[in-house]
Amino acid sequence: QVQLVESGGGLAQPGGSLTLSCAASGSIFNIPTMAWYRQAPGNEREWVAEIRSGGHTDYADFVQGRFTIFRDDAKDTVYLQMNSLTPEDTAVYSCNARIAISPTSNTYFYWGQGTQVTVSS
């Protein structure tokens, strides 16, 4: 079984920073992509950022250079460093990973349980 566990959420002041982490565990051969999504109350879940195994990254426009996604393949962990936070960044942040469990298997998408980020003074 594969599990994704997020951590690092909490309360931040406007203009502040938080760093989220998401660790994958279980039967893992490789992880081609890892991504972050978020869902604010009353809103649809939206994509935030993605990083591929070669290090290529993509970001949603609303990130505007404030967030950085990076990964530690030795730990099967992806991070999201968030700077210049605003109240509009308040949401449950979830990680998503496309994972192969063996050299010959297909890849499958897995989700973490989410971590709450609240930006408020």
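Residues numbered from 1 in each chain as written. Predicted model: local features only at pLDDT ≥ 70, side-chain atom pairs only at ≥ 80, totals over all residues. Heavy atoms only, no water.

Enquirer: What is the right way to read the sheet that holds strand β1 (residues 2-7) from this model?
Expert: Spatially, β1-β3-β8-β7 is the arrangement adopted by the four strands of the open sheet, whose pairing is antiparallel. The sheet is open, and its two borders are formed by β1 and β7 (67-72), each paired with just one other strand. Taking the axes of each pair of neighbouring strands and ignoring which way they run, one obtains an average angle of 15° across the sheet. Direction of pairing for β1 relative to strand β3 (residues 18-26): antiparallel, over a ladder of six bridges. Bridging across to β3, V2 finds its partner in G26. (Pairing = 2+ DSSP bridges. Helix = DSSP H or I, 4+ residues; strand = E, 2+ residues; numbered from the N terminus. Axes fitted to C-alpha atoms, helices over the stretch in contact; angles between N-to-C directions.)

Enquirer: How do you make sense of the pairing of strand β11 (residues 115-119) when you look at a structure like this?
Expert: For a regular strand, side-chain orientation follows a simple rule: the groups alternate between the two sheet faces. Residue alternation in β11 divides its side chains into a buried set, T115, V117 and V119, and an unburied set, Q116 and T118. Note that strand β2 (residues 10-12) and β11 share three bridges and pair parallel. Along β11, the bridge assignment pairs A12 with V119. When strand β9 (residues 91-100) meets β11, the two strands line up antiparallel, connected through three bridges. Counted as the bridge partner of A91 is V117 from β11. (Buried < 20%, exposed > 50% of the residue type's maximum accessible area, 1.4 Å probe, protein only.)

Enquirer: What should I look at first to understand the packing of aromatic side chains in this one?
Expert: Centre distance and the angle of the planes are the two values used to describe a pair of aromatic rings. Summed over the entire model, instances satisfying the criterion amount to two aromatic pairs. With a centroid separation of 4.9 Å and an interplanar angle of 15°, the aromatic rings of F70 and Y79 are classed as stacked. Among the residues examined, F70 registers a relative accessible area of 34% and is labelled partly exposed. Over the ring of Y37 we find R45, and its NZ or CZ is 6.0 Å from the ring centre. Here R45 stacks its cationic end above the ring of W111, 3.8 Å away from the centre of that ring. (Phe/Tyr/Trp six-rings, centres within 6.5 Å; stacked < 30°, edge-to-face > 60°. Lys NZ or Arg CZ within 6 Å of the ring centre and 35° of its normal.)

Enquirer: How do you make sense of the pattern of salt bridges when you look at a structure like this?
Expert: Between side chains of opposite charge, a pair can form as their charged atoms come close. In total, this model carries six salt bridges according to the counting rule given. Linking R52 and E50 is a salt bridge whose minimum nitrogen-to-oxygen distance equals 3.6 Å. A single salt-bridge network, built from bridges that share partners, covers R38, E46, R66 and D89. (Salt bridge = Lys/Arg side-chain N within 4 Å of Asp/Glu carboxyl O.)

Enquirer: I'm lost on unusual backbone geometry in this one. Help?
Expert: Working note: non-glycine residues mostly have negative phi, and peptide bonds are mostly trans. Positive phi values are uncommon outside glycine, yet D76 reaches one of about 50°. On the secondary structure map, D76 appears in the loop between β7 and β8 (77-82). Residues other than glycine seldom take positive phi values, yet S84 does so here, at roughly 50°. A relative accessible area of 40% places S84 in the partly exposed class.

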